[in-house]
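# Survey of secondary and tertiary structure
Residue-level listing of the chains:
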Amino acid sequence: MSPKEEKVDLRILRTRRLLVQAMKELLEEKDLQSITISDIAEQAMINRATFYAHFADKYDLFAYIVQEFFKGILEAEVSDTAEFNRDNLQKLAVSVINAVSQLHGSCTPGPRDQVQPMIEALIKLHADNLSNLTPHPWYVFMNYSHPPLLQRLRALKRIGNA
């Protein structure tokens, strides 16, 4: 029996559905950092131990929600058996961009007072690792997965001042 053919216990599906719904409802009321496992468990009408039987923490639940959201959008736009070609790749890219746009539209920014600790942590991380504060742009383009420190600090300060 393949993994897709395995039957999932209906109690597991029901509990996950309750947890997802509870998290979505709580996210409409407050930001992710403010939500506790107790909040989620209470909203879903389950106990904390049941929550931990399904997810490691609230970030794991949030990642599951986002993954299922993307999976639903991609399955609606591009079939599993789709041939790899330019048209299907374009459909895939447009679907991902639309999904990110929808997620971004439903997110609320966190408190402004979180910016300063992030700045301090970034500076400490770079100091501890003795990283180059002003790397050559081509080196950044070829080797970095994130913008260099000074560029990140400027962006964080803009967020803090907005």
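This brings us to the overall build of the chain. Counting its regular elements, the chain contains eight helices and zero strands. In the chain, the succession of helices and strands from N to C terminus is α-α-α-α-α-α-α-α. When burial is assessed residue by residue, the chain has 22% of its 162 residues classed as buried. Pairs at least 24 apart in sequence give 54% of the contacts found in the chain among residues at least 6 apart. Surface summary for the chain: the accessible area is close to 12300 Å², and the carbon and sulfur share equals 57%.

So, on to a nonpolar patch on the surface. A surface patch of nonpolar side chains, about 460 Å² in accessible area, is lined by Phe84, Leu89, Leu92, Val96 and Val100. Position of Val96 relative to the elements: it lies in helix α5 (residues 86-106). The exposure class assigned to Val96 is partly exposed, which follows from its relative accessible area of 31%.

Compared with the 18 Å implied by 1.5 Å per residue over 13 residues, the 18 Å span of helix α8 (residues 149-161) between its first and last C-alpha is a close match. Residues of α8 that are buried: Leu149, Leu153 and Leu156. Buried positions in α8, seen along its axis, are confined to an arc of 65° and lie on one side of it. Exposed side chains of α8 directed beyond 90 degrees from the buried face belong to Arg158 and Asn161. Buried positions along α8 lie against α6 (115-128).

Moving on, we get to the packing of helix α1 (residues 10-29) against helix α4 (residues 58-77). For any two helices packed against each other, one specifies the crossing angle of their axes together with the interaxial distance. Relative to each other, α1 and α4 sit at 95°, their axes nearing to 10 Å. With respect to α4, the element α1 is oriented roughly perpendicular. Every residue of α4 that contacts α1 at Arg16, Leu19, Val20, Met23, Lys24 and Leu27 is listed here: Lys58, Leu61, Phe62, Tyr64 and Ile65. Of the residues in the contact of α1 with α4, the class split is eight nonpolar, no polar and three charged.

Attention now goes to the pattern of salt bridges. What the rule picks out here adds up to three salt bridges. Between Lys30 and Asp39 there is a salt bridge; the shortest N-O distance is 3.0 Å. Note on Lys30: relative accessible area 28%, which makes it partly exposed. Across the pair Lys71 and Glu68 runs a salt bridge, and its minimum N-O distance is 3.1 Å. Separated by three residues within a single helix, Lys71 and Glu68 lie in helix α4, roughly one turn from each other. With a relative accessible area of 31%, Glu68 lands in the partly exposed category.

Now for the side chain of Asp31. By secondary structure assignment, the location of Asp31 is in the loop between α1 and α2 (37-44). Within the local environment of Asp31, its side chain forms a polar contact with the side chain of Ser34, the two groups lying 2.8 Å apart.

Here α6 contains 14 residues, and its C-alpha end-to-end distance of 20 Å stays within 8% of the 20 Å for a straight helix at 1.5 Å per residue. All buried positions along α6 are accounted for by Val115, Ile119, Leu122 and His126. Within α6, the buried residues cover an arc of 65° as seen down the axis, which keeps them to one side. Exposed side chains of α6 directed beyond 90 degrees from the buried face belong to Lys124 and Asp128. Lining the buried residues of α6 we find α8.

Criteria and cut-off values
Residues numbered from 1 in each chain as written. Predicted model: local features only at pLDDT ≥ 70, side-chain atom pairs only at ≥ 80, totals over all residues. Heavy atoms only, no water. Helix = DSSP H or I, 4+ residues; strand = E, 2+ residues; numbered from the N terminus. Buried < 20%, exposed > 50% of the residue type's maximum accessible area, 1.4 Å probe, protein only. Contact = heavy atoms within 4.5 Å. Areas by Shrake-Rupley, 256 points an atom, 1.4 Å probe, with all protein chains shown as cover. Patch = residues over 30% accessible without salt bridge, like charges linked within 9 Å, V, L, I, M, F, W, Y side chains within 5 Å. Salt bridge = Lys/Arg side-chain N within 4 Å of Asp/Glu carboxyl O. Expected span 1.5 Å × (residues − 1). Arc of directions from axis to C-beta. Axes fitted to C-alpha atoms, helices over the stretch in contact; angles between N-to-C directions. Parallel < 35°, antiparallel > 145°, perpendicular 65-115°, else oblique. Nonpolar A, V, L, I, M, F, W, Y, C, P; charged D, E, K, R; others polar. Polar contact = N/O pair within 3.5 Å; in protein donor to acceptor, adjacent residues only side chain to side chain.

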